[in-house]
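# Report on the structure
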Amino acid sequence: MGFAERLPTGTVTFLFSDIEGSTRLTADLGPERYGALLERHRQLLREGFARNGGREVGTEGDSFFVVFDTPAGALAAAAEAQRALSGTDWPDDAPIRVRMGVHTGEGHVVDGTYVGADVNRAARIAAAGHGGQILVSETTASLGGDRLPPGTRLRALGRHRLKDLRPEAISQLDLDGLACDFPPIRSLDERPNNLPTQLTSFIGREREVAAVVALLETARLVTLTGPGGTGKTRLSLQVAAETAERFADGTTFVALASIDDPGLVASAIATTLALPDVGGRSSRDRLVEHLREREALLVLDNFEQIVAAAPLLADLLREAPRLRLLVSSRIVLRISAEQEYPVPPLPLPAARAAVDVLAENESVRLFVDRARAVRADFALDASNAPAVAEIVSRLDGLPLAIELAAARSRLLPPAAMLARLENRLDLLEGGMRDLPERQRTLRGAIAWSHDLLEPAERRLFARFAVFVGGAELAEAEFVCGPAGDLGREVLEGLEALVEHSLIRQVERAGEPRFFMLATIREYALEQLAATEERDEVRRRHAIAYLALAERAAPFLTTKDQRTWLDRLARDHDNLRAVHAWAIETGDAGTALRLVRALWRFWQIRGHLIEGRERADAALAMTGAADAGEAYLAALEAAGGLDYWLADFARATERYEALVRIRRAQGEARAIAEALYNFTFTALFGTIDHARARELAEEALGLFHDAGDRAGVAKALWVLGLIARDQDDVATGRARCQEAIAILRNLDDVFLLAWALYTLGQIEARAGNLDLCATLLGEALDLFATAEDQSGFVLVLDGLAILALLLGDRQRAARLAGAVATLEATTGTGLNPANRTVLHVDPSSLRDEADTAAAWAEGRAMSSADAVAYARLGPAARPTQAATRG
């Protein structure tokens, strides 16, 4: 059992401690002397903690983080430790005084330690104390107050705001015979500030808070940008709380949402600072005079509608050299001192994660916390966790959207809420009444930004909604332009929408890519639907992405395949939308051409079932009687998808029809391609080796006569496959080697990988297991480079068989488990047919006592992990003679 498994979960009590003035003591005593005292301190604390049931979670420097099952245990441990420290004869110049904080809350364990708001709260309570003092949270005092250790009592210290901006009733555990009088505890209000008290907890955002705090060390103006609902205001408040002690002259929060005249900004800041209006002096001058010598932080909230007042901020920074500004705005200010920090949505949970993993995701934690506020018995469990994870994912991790959804938990369980999320904006109405109107609905939050746009920017915003999953610049310009119609250049308009936080920009493969969060896109689609140009924009979108698919198709089996496969993957949702548009509008030509262009992408990247469904829908729009080239190409594509799904009956039907039509047309190259395809269903479907060889040899002759070297290589490879299945090692080896020799000089790495795979199987059949491992390894490298999911399935299965032949059952089981996952996720069904080659089925290891655990490990691997494991290579091998048979 690992350490993380020993840590208790559920309701636990945390204790944090550290030595007051440790930095000074280290400097005064020197490392060696201080080190000895530090070790004695650790020994005393550990003894007290251990005797009272404490489990040490972490120790860093002079600090301890310990967890207890009960509040009473934690309080007893703290009291015993303080008595032990007090009873130790420390040197007069080196008194060891330890402060402690105790808090009870939810214990969530991730990666061997506790995480969550309650851990942070416990640490903050400890940090508020002084050496020799034990501070206790309201929760711990309530739960453990009737079971205090002998000779102790709780004394209420009143309510204090800690750095999470929430008031906390703090108590002190007094110990008979020890000092009980301490200075006032260290709270947020030690420095002057007007930071508003928060009634809800601040969930997550540790990385973001740390990043912005670090930026404020060097940048004098930090602007938090992001769309409505991202949590800019709450983040700015938390950063202000974390840094308050750095600003001797205070931290001031200025709410600017109600100001829409840039000329009133100086007055609003002056009013918040309570500067007297005397002598008829301007607000700007009064601000400059007040701030000039002060070390202060101004937190300016909601600056986007008054961005024209940005020069005022530049003036203040010039005149007040110790001033820092933290601004939240949906638009960057564009002044020289500015450091922008785009606030991201909360992280989304991993698909199909376990409940305990989901419980630590920040988006899920926020939902659960806010759901409990309206329904006290709400708890995350196996029955509702998947729905909660899907809800927060559909809401893009936007804090406002999650909070509005969680507020519906009073009436709607997560599954019922999920069913109603199709229209997010209508569901997410009616937030807390004490919020500003724009924050009570997600629609209002987005409309607030939309209303600030210029007319051309609004047109672009609506048109861009047609993109699903974002767009690269070329497609955006074609679909949303031209500039004369739009009113400005598309790139300039996109830049403006990025500045308004309505569109996000990322870099993909060295090119800018623009996208909308799904919640914002829903609002933009409403704007597009309200115009007369919706149909035209969708038509141009279809033209753009059909062109992309057809441009990519010739490269999907070449050395450049990874680049083009990745590009299609980035725009897969756009391509899906085009297919749906073609079906909806009855555009059979577009649907058929899209199937022809995309089928290899669907096969390689593991979308076989979806691809066949789309091919069937496209073919159903026209009949064989009207068969043009687009129909025949789509028919061939559908046959290929059938084959990879191991639906040989349907593949045979389609390929047979294709051969018949191509023979009637009389074009030799097209006939050869149809015969080549038909070979596979004869080989794997009807298992007619003679018929398969006849078809392949005819195809070989036609390819040869046409001077098609790639076609010749294909036909040679399939003849090698046929020989492999008939245990004709010599012929199979010769045909595959001929194919590989040609393919190494061509730009078809896809077929090269399959020829290597086939030759590897043939060499295994011949007993040449080392050579088999080399050939399968090269094939795997080629498939891995392209992220070819179908290739992974068969080659990993081949490597599992090889491991069995080499006597490594554990490795074979892990690989077989990974194959089972890939078969399920991709739909590839060819392994059963391929296992007959070597008469070995590694899938049986799932049910065998000595390999079931290893199979389960493999089953849990991602495709990347499985490939990495396979690349490690076989372990020490037994003699090959012992493994043949």
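Residues numbered from 1 in each chain as written. Predicted model: local features only at pLDDT ≥ 70, side-chain atom pairs only at ≥ 80, totals over all residues. Heavy atoms only, no water.

## Here's the deal with the packing of helix H7 (residues 206–218) against helix H8 (residues 232–243)
Formally: Note on definitions: angles span 0 to 180 degrees between N-to-C directions of axes, and those axes are lines fitted to C-alpha atoms, for helices only across the stretch in contact. Put simply, DSSP H or I for four residues or longer makes a helix, DSSP E for two residues or longer makes a strand, and each gets a number counted from the N terminus. With respect to orientation, any angle under 35 degrees is reported as roughly parallel, any angle over 145 as roughly antiparallel, any angle of 65 to 115 as roughly perpendicular, and every other angle as oblique. Note on convention: near helix rotated counterclockwise from far helix by under a right angle means a left-handed crossing. Clockwise means right-handed. Contacts are assigned to residue pairs with any non-hydrogen atoms lying within 4.5 Å of each other. Residue classes follow a fixed rule: Ala, Val, Leu, Ile, Met, Phe, Trp, Tyr, Cys and Pro count as nonpolar, while Asp, Glu, Lys and Arg count as charged, and any other residue, Gly among them, counts as polar.
Where H7 meets H8, the axes come as close as 10 Å, and the angle between the chain directions of the two elements is 60 degrees. Taken as axis vectors, H7 and H8 run oblique relative to one another. The crossing of H7 and H8 is right-handed. On H8, the residues touching Glu208, Val209, Val212, Val213 and Leu216 of H7 are Leu235, Gln238, Val239, Glu242 and Thr243. Considered class by class, the residues forming the contact of H7 with H8 number 6 nonpolar, 2 polar and 2 charged.

## Let's talk about the confidence of the model for the protein chain
Our working definition: Residue-level confidence of the predictor is summarised by pLDDT, bounded by 0 at the bottom and 100 at the top.
In the predicted model, the protein chain carries a mean pLDDT of 89, and the fraction of residues at 70 or more is 95%. This model gives residues 1–5 a pLDDT under 50, and the stretch forms 6 contacts once residues within four places in sequence are excluded. Low pLDDT, under 50, characterises residues 431–435; the predicted model gives this stretch 7 contacts beyond four residues in sequence or across chains.

## A word on the packing of helix H25 (residues 561–570) against helix H27 (residues 588–604)
Taken N-terminus to C-terminus, the directions of H25 and H27 make an angle of 95 degrees; their axes are 11 Å apart at the nearest point. In terms of axis orientation, H25 runs roughly perpendicular to H27. Contacts from Gln561, Leu565, Leu568 and Ala569 of H25 reach H27 at Leu598, Phe601 and Ile604.

## Some details on unusual backbone geometry
Rule in force here: Note on classification: 1.4 Å probe, protein chains only; a residue is buried when its accessible area is under 20% of the maximum for its type, exposed when over 50%, partly exposed between these limits.
Cis rather than trans, the peptide bond between Gly481 and Pro482 has omega equal to 0 degrees. Relative to the elements of secondary structure, Pro482 occurs in the loop between helix H20 (473–480) and helix H21 (483–486). Unusually for a residue other than glycine, Asn302 sits at a positive phi of about 65 degrees. In this fold, Asn302 is placed in the loop between strand S11 (296–301) and helix H11 (310–319). Even without a glycine there, the phi angle at Ser501 is positive, about 65 degrees. Tracing the backbone through its elements, the reader meets Ser501 in the loop between helix H22 (490–499) and strand S15 (504–508). You can call Ser501 buried: its relative accessible area is 6%.

## Topic: helix H40 (residues 852–859)
Put simply, the rule is: By construction, the arc corresponds to the directions joining the helix axis to the C-beta atoms.
Listed in full, the buried residues belonging to H40 are Ala854, Trp855 and Gly858. The buried residues of H40 occupy an angular sector of 100 degrees when projected down its axis, which confines them to one face.

## Considering the sheet that holds strand S16 (residues 511–515)
Selection rule: Between any two strands, at least two bridges found by DSSP are needed for them to pair.
One open sheet holds the 3 strands; their spatial order is S14-S16-S15, and the pairing between them is antiparallel. Two strands in the sheet have a free side with no partner beyond their single neighbour: strand S14 (471–472) and S15. Pairing between S14 and S16: 2 bridges, direction antiparallel. By the bridge assignment for S16, Glu472 is matched with Arg513.

## Structural notes on the pairing of strand S4 (residues 98–110)
With 10 bridges joining them, strand S1 (residues 10–19) and S4 adopt antiparallel strand pairing. By the bridge assignment, Ile19 is partnered in S4 with Val98. In the sheet, S4 pairs with strand S6 (residues 134–136) via 3 bridges, with the strands oriented parallel. Considered in S6, the bridge of Met100 is made with Ile134. Across 3 bridges, S4 lies against strand S5 (residues 113–115) in antiparallel orientation. Bridge pairing in S5 links Val109 to Tyr114.

## Things to note about the sheet that holds S11
Spatially, the 5 strands line up as an open sheet ordered S10-S11-S12-S9-S13, and their pairing is parallel. Each edge of the sheet is formed by a strand with only one pairing partner; in this case those strands are strand S10 (251–255) and strand S13 (338–342). Shown here is a sheet whose adjacent strand axes are inclined to one another by a mean of 15 degrees, direction ignored. One ladder, built from 5 bridges, connects S10 with S11; its direction is parallel. Paired with Thr252 across the two strands is Leu298, which belongs to S11. Packed on one face of the sheet, H8 meets strand S9 (221–225), S10, S11, strand S12 (323–328) and S13 and runs near 170 degrees to S11.

## Some remarks on the environment of Arg459
Counted only if it meets this: Under this definition, polar contacts are N or O atom pairs within 3.5 Å; protein pairs additionally need one hydrogen-donor-capable and one acceptor-capable atom, and for neighbouring residues in sequence, both atoms have to be side-chain atoms.
Within the secondary structure, Arg459 sits in helix H19 (residues 455–464). Taking relative accessible area as the criterion, Arg459 reaches 33% and is therefore assigned partly exposed. It is 71 Å that separates the C-alpha atoms of Arg459 and Leu85, two residues lying 374 residues apart in sequence. A polar contact is formed between the side chain of Arg459 and the backbone oxygen of Leu486, at a distance of 2.8 Å.

## Observations regarding the pattern of salt bridges
What counts, and what does not: A carboxyl oxygen of Asp or Glu within 4 Å of a side-chain nitrogen of Lys or Arg is what we treat as a salt bridge.
Counted by the stated rule, this structure contains 75 salt bridges. Glu610 is the partner of Arg576 in a salt bridge, and the nearest nitrogen-oxygen pair spans 2.7 Å. Of this pair, Arg576 sits in helix H26 (residues 572–585) while Glu610 sits in helix H28 (residues 608–619), and the two are 34 residues apart along the sequence. With a relative accessible area of 24%, Arg576 lands in the partly exposed category.

## Quick word on helix H14 (residues 385–394)
Buried within H14 are the following residues: Ala385, Ala387, Val388, Ala389, Ile391 and Val392. On the buried face of H14, the contacting elements are helix H12 (355–358), helix H13 (362–374), helix H15 (399–407) and helix H16 (414–419). One or two positions beyond H14, positive phi appears at Asp396, with a value near 65 degrees.

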